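Residue-level structure breakdown
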Amino acid sequence: MPVKKPAKKPSEAKTDAPAKPAKNPDNDGGGGYVEPTTVIVKPADQLVLTEKELEAEHTRVLSAKDPVAPQNIVRYSFREKTYKLDPSVEQCALHFEMEGNLMHRDSEDGKRIVAELEAHRVAAERAEELEAMKQGGGDANEGGGEQKKLRNQFNYSERASQTFNHPLRERPTITEPPPSVGFNGQVNQWEIFDAYVEDIEKQRLTKEKTGQQGGGAATTKKATTSAHADKEEEEEGLKEVAKEADIVHSSAMSKSLKIMERMVNQNTWDEIAQDYRYWDDQSDSFKEGEGTLLPLWKFWTEKVRRKHVTALCWNPEYHDLFAVGYGSYDFMKQGSGVICCFSLKNPSHPEYSFTTETGVMCLDFHPQHSSLLAVGCYDGTVMIFDIRNKLNKPIFQSTVKSGKHTDPVWQVCWQEEDLAKNLNFFSISSDGRVTLWTMSKNELQYTDVMELKLAGIASSNTEETAGEETSLVGLAGGSCFDFHATSEHLFIVGTEEGRIHKCSKAYNSQYLDTYNGHYMSVYAVKWNTFHPRVFLSASADWTVKLWDHNTKTSLMSFDLGNAVGDISWSPYSSSVFAAVTNDGKVHVFDLAENKHEPMCDQKVVRKSKLTHVTFNPKQPLLLVGDDRGGVLCLKLSPNLRKTEEVRAKEKVTQAAVSGGDKPQKAVPKKRGAEETAGAGGGGGDKSEAKIKTPAELEVDKLDKLLGLQDKPQR
């Protein structure tokens, strides 16, 4: 038996590995099998237990809780604003972690790696083939064989693509050819010579016009100017003829394009056009004493950016055409002025436009000659434009020599023709002059009708004293005026000091009357459209006052809560008027319904001040302008446009509905019969009763409202 070899180190632990076989001294170098041995090593610190203790069973419970993990973690709760014990403690302890690089073949990454390996293999095979071809290439060329095309061994990849081509389609169309016009001409030496002579003559006339100075050359200068003007007229005539010959730029083409533009705009704003023509607020039948304004179009153009609307005026002949003046009421920021004529048929662009050197302050259409437009400017100039004229210049203009105003012109107003059939108009300015301008053949001739003296100076006893005080103190600044409809000589003037003066054209030595009621500048005064004794005034002191020119105190006063920019009487009712204020509101009053509050108090613009308002003479429309260059067109609801005839018909209808069998009588006839009976002192015959006109009914209505029947007229 082989002898067991003792272990070299007694401290080695027990192991199952085969021990080194011992050598057999008898069979040295033999190949016999030696059985491995097991060596049991007892550690020095091993417990020595008895058999009973070894057989005893000890039960241990295993849990997932980490005994080393902390159990008292506290975190701050922002929701409850206090520190709270966090019960969730991480119990997992990581003893070993290793990132592997194995992945499934069917996964996306696995497929990508397999494809890359396959590509590397194919590239290697192609590289081997290329190397073999290089080695055997010399023999192939010598043998006369066909040379094979080499490929790039690094990045060559064979690709093919096929695009889809759409089938061709033929779409034939037939159009009428445009009309063609043949132009031809023949030029010879004589025509060229005449053209050169005409050009030389034109240059000579220009030099004479600019070179001559002094009083001795005035006659020659006049002749030269007239000759030059004749030449210019002749040239303009030739240009017009040439323009008419050109179809594209002819007047017929311009008219056709204007009609097409209006058609396109009407289609674009078709809903607004339908509302303008047919829509009425049916809720007015359930609201007594209230009305609304329906916004329609807004007129604006890029030319008037950052300009104020300083004037509004409807054309007396074409009721869809109106003129707008643009300037600035901020006198520290003055610039050029613009005049635009808009039409309700084309809200997108003005029909006519003119520019002025300074801001436009006022304008007015002539009542008979509707193409003439009188304009007043900030520098005191008054102009007359003919809107039919395509040139951007006035046909008449005042100058320093012809007596132009020295301050802004606040209002202009056309008057009836004089005995010589000359057109004339009035203007009022802050320099204290009310001036009559007459259109002569070549220039405007002026006549000062009234010099607005201050109220204390005007009441002086002697003219010499008044003249001396006027030269020292100055004149009262006029801000607005209005002429009486029936008494042509009578007009009223509003001043910057807050007073209103009644004046006459017949003499200018003193005022006929003075009305004190406003404490700040009067912005507008307007005679009533129907009643000859009543007028309105609007002021910066937030009030609108109603006056009878026979009494010095106002009949009514309305506080609108903000500075009043403008007022306007309605053309259909004697008791309806509108006012605009700086807070962007439009106030429409009907004294027949409510004498104290407006029937409509509506804000129509945001962050803007309303400056002017005017009624359309025929349609139930209202125009308002603001200080941002916008003009808004508003439609009045039925309650805001009731006339006395409409009210009479409503009363008859209500009486018929409520009375049943009662006889129906027309209210106008009844009023006429009563007045005729009163005039005769007893009951008159019905056949003698006079049927009053709508205008007379409006006058009677206002007389009853204001109590003017018993007051004698002066």
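Now for a quick tour of the structure. (Residues numbered from 1 in each chain as written. Predicted model: local features only at pLDDT ≥ 70, side-chain atom pairs only at ≥ 80, totals over all residues. Heavy atoms only, no water.)

1. Overview of the overall build of the protein
Note the threshold: By the criteria applied, helices consist of DSSP H or I runs no shorter than four residues and strands consist of E runs no shorter than two, each listed in order from the N terminus. Only protein chains enter the accessibility calculation, which uses a 1.4 Å probe; a residue is then buried when its area is under 20% of its type maximum, exposed when over 50%, and partly exposed in between. With residues, only the protein chains shown are counted as cover, and all accessible areas are computed by Shrake-Rupley using a 1.4 Å probe.
Summing up its helical and strand segments, the protein has eleven helices and 30 strands in all. Counting only residues that meet the buried cut, the protein has 35% of its 714 residues in that class. A total accessible area of about 48300 Å² is found for the protein, and carbon and sulfur atoms account for 52% of it.

2. Quick look at the sheet that holds strand β5 (residues 321-327)
Going by this rule: Only when DSSP finds a minimum of two bridges between them are two strands counted as paired. Angles run from 0 to 180 degrees between N-to-C directions of axes, and those axes are lines fitted to C-alpha atoms, restricted for helices to the stretch in contact.
The sheet built from four strands is open, its strands ordered β4-β5-β6-β7 with antiparallel pairing. Edge positions in the sheet fall to β4 (308-314) and β7 (352-356), since each of these pairs with one other strand and no more. When strand polarity is set aside, the average angle formed by the axes of neighbouring strands in this sheet is 20°. Judged from the five bridges that link them, strand β6 (residues 337-343) and β7 form a sheet pairing that is antiparallel. Paired with Ile339 across the two strands is Phe354, which belongs to β7.

3. Quick notes on the pairing of strand β1 (residues 74-77)
Bridge count between β1 and strand β2 (residues 82-85): four bridges; the pairing is antiparallel. When the sheet's bridge partners are listed, Val74 is paired in β2 with Leu85. A loop of four residues connects β1 with β2, the two strands running antiparallel in sequence, and Lys81 in this loop sits at a positive phi of about 55°.

4. Looking at the environment of Asn582
Tracing the sequence through the fold places Asn582 in the loop between β25 (576-581) and β26 (585-590). Among the residues examined, Asn582 registers a relative accessible area of 27% and is labelled partly exposed. Each C-alpha atom, one on Asn582 and one on Asn562, is 6.1 Å from the other, the two residues being 20 residues apart in sequence.

5. Quick look at the environment of Gly584
The cut-off we apply is this: By definition, residues are in contact when any of their heavy atoms lie within 4.5 Å.
Following the sequence through the fold, Gly584 ends up in the loop between β25 and β26. Among all residues touching Gly584, those that are not within four sequence positions of it are Gln602, Lys603, Val604, Val605, Ser608 and Leu610.

6. Quick look at the environment of Leu512
Within the element layout of this structure, Leu512 appears in the loop between β18 (499-504) and β19 (513-516). When the C-alpha positions of Leu512 and Phe491 are compared, they lie 9.9 Å apart, and in sequence the two are 21 residues distant. If we skip the residues at most four places from it in the chain, Leu512 touches Leu490, Lys502, Cys503, Ser504 and Tyr507.

7. Comments concerning unusual backbone geometry
One non-glycine residue, Lys81, lies in positive phi territory at about 55°. If you trace the backbone, Lys81 turns up in the loop between β1 and β2. In this structure, Trp542 takes a positive phi of about 75° despite not being glycine. Position of Trp542 relative to the elements: it lies in the loop between β21 (534-539) and β22 (543-548). On the basis of relative accessibility, which here comes to 42%, the residue Trp542 falls in the partly exposed class.

8. Section: the sheet that holds β21
In spatial order, the strands read β20-β21-β22-β23; together these four strands make up an open sheet with antiparallel pairing. Lying at the two open borders of the sheet, with one neighbouring strand each, are β20 (522-527) and β23 (556-559). Direction aside, the axes of adjacent strands within the sheet are offset by 15° on average. The pairing of β22 with β23 spans four bridges and is classified as antiparallel. By the bridge assignment for β23, Val544 is matched with Phe558.

9. Some remarks on the side chain of Thr611
Put simply, the rule is: The term polar contact refers here to a pair of N or O atoms within 3.5 Å; inside protein, the definition further demands a hydrogen-donor-capable atom paired with an acceptor-capable atom, and it admits residues adjacent in sequence only when both atoms are side-chain atoms.
Among the secondary structure elements, Thr611 is positioned in strand β28 (residues 610-615). Its relative accessible area of 9% is what places Thr611 among the buried residues. Within the structure, Thr611 has its side chain in polar contact with the backbone oxygen of Val309 (distance 2.6 Å). Other than its neighbours up to four places away in sequence, Thr611 contacts Val309, Tyr329, Gly565, Asp566, Val580, Gly625, Asp626 and Asp627.

10. Side note on the pattern of salt bridges
Test applied: Should a side-chain nitrogen of Lys or Arg be within 4 Å of a carboxyl oxygen of Asp or Glu, the pair is scored as a salt bridge.
For the coordinates displayed, the defined rule picks out 22 salt bridges. Between Arg112 and Asp109 there is a salt bridge whose closest N-O contact spans 3.9 Å. Of this pair, Arg112 and Asp109 both sit in helix α2 (residues 108-142), three residues apart, which is roughly one turn of that helix. Judged by relative accessible area, Arg112 falls into the partly exposed class, the value being 43%. Put simply, Asp109, Arg112 and Glu116 are held in one network by salt bridges that share partners.

11. Description of the packing of aromatic side chains
Put simply, the test is: Geometry of aromatic contacts follows a simple scheme: Phe, Tyr and Trp rings, the Trp one being its six-membered ring, pair when their centres are within 6.5 Å, and the pair is stacked under 30 degrees between planes, edge-to-face over 60, tilted otherwise.
On inspection of all chains with the given rule, the structure shows 23 aromatic pairs. Consider the rings of Tyr515 and Phe535, whose centres lie 5.5 Å apart with planes at 65°: the pair is edge-to-face. Of this pair, Tyr515 sits in strand β19 while Phe535 sits in strand β21; the two residues are 20 residues apart in sequence, bridging distant segments of the chain. Seen in terms of ring centroids, Trp527 and Phe535 are 5.4 Å apart; in terms of plane orientation they differ by 65°. Their pairing is edge-to-face. Both residues of the pair, Trp527 and Phe535, count as buried. Following the ring pairs from residue to residue traces out a cluster consisting of Phe299, Trp314, Phe322 and Phe342.

12. Some details on a nonpolar patch on the surface
Worth spelling out the cut-off: Residues qualify for a patch when their relative accessible area is over 30% and they have no salt bridge, like charges being joined within 9 Å and the nonpolar side chains of Val, Leu, Ile, Met, Phe, Trp and Tyr within 5 Å.
On the surface, a cluster of nonpolar side chains totalling about 610 Å² of accessible area is made up of Val74, Tyr76, Phe78, Tyr83 and Leu85. Of all the secondary-structure elements, those providing two or more residues to the nonpolar patch are β1 and β2. When you line up the elements, Val74 lands in strand β1. In this structure Val74 comes out as partly exposed when scored by relative accessible area, which is 49%.

13. A closer look at a negative patch on the surface
How we decide: Charged residues are defined narrowly, with Lys and Arg counted positive, Asp and Glu counted negative, and His plus the chain ends left uncounted. Here the site of a charge means atom NZ of a Lys, CZ of an Arg, CG of an Asp or CD of a Glu.
There is a patch of like negative charges on the surface, built from Glu191, Asp194, Glu198 and Asp199. Along the chain, the position of Asp194 falls in helix α3 (residues 189-211). For Asp194, a relative accessible area of 47% puts it in the partly exposed group.

14. Describing helix α11 (residues 694-706)
Quick note on the threshold: Each residue after the first adds 1.5 Å to the expected span of a helix.
Helix length check: α11 (13 residues) gives 19 Å between terminal C-alpha atoms against 18 Å at 1.5 Å per residue, within 8%. Turning to α11, its buried residues are Leu697, Glu698, Val699, Asp700, Lys701, Leu702, Asp703, Leu705 and Leu706. After α11 finishes, the residue Gly707 shows a positive phi value of roughly 70°.

15. Observations concerning a positive patch on the surface
A cluster of basic residues, Lys298, Arg606, Lys607 and Arg628, forms a positive patch at the surface. A residue is classified by how much of its surface remains accessible, and Arg606, at 75% relative accessible area, is exposed.

16. Quick notes on the pairing of β22
A large share of β22 lies buried, amounting to six of its six residues. Where burial is concerned, the two faces of β22 agree: the one with Thr543, Lys545 and Trp547 and the one with Val544, Leu546 and Asp548 are both buried. In terms of strand pairing, β21 meets β22 through five bridges, oriented antiparallel. Bridge pairing in β22 places Phe535 opposite Trp547. Here β21 folds back onto β22, and the loop between the two strands holds three residues, one of which, Trp542, carries a positive phi near 75°.

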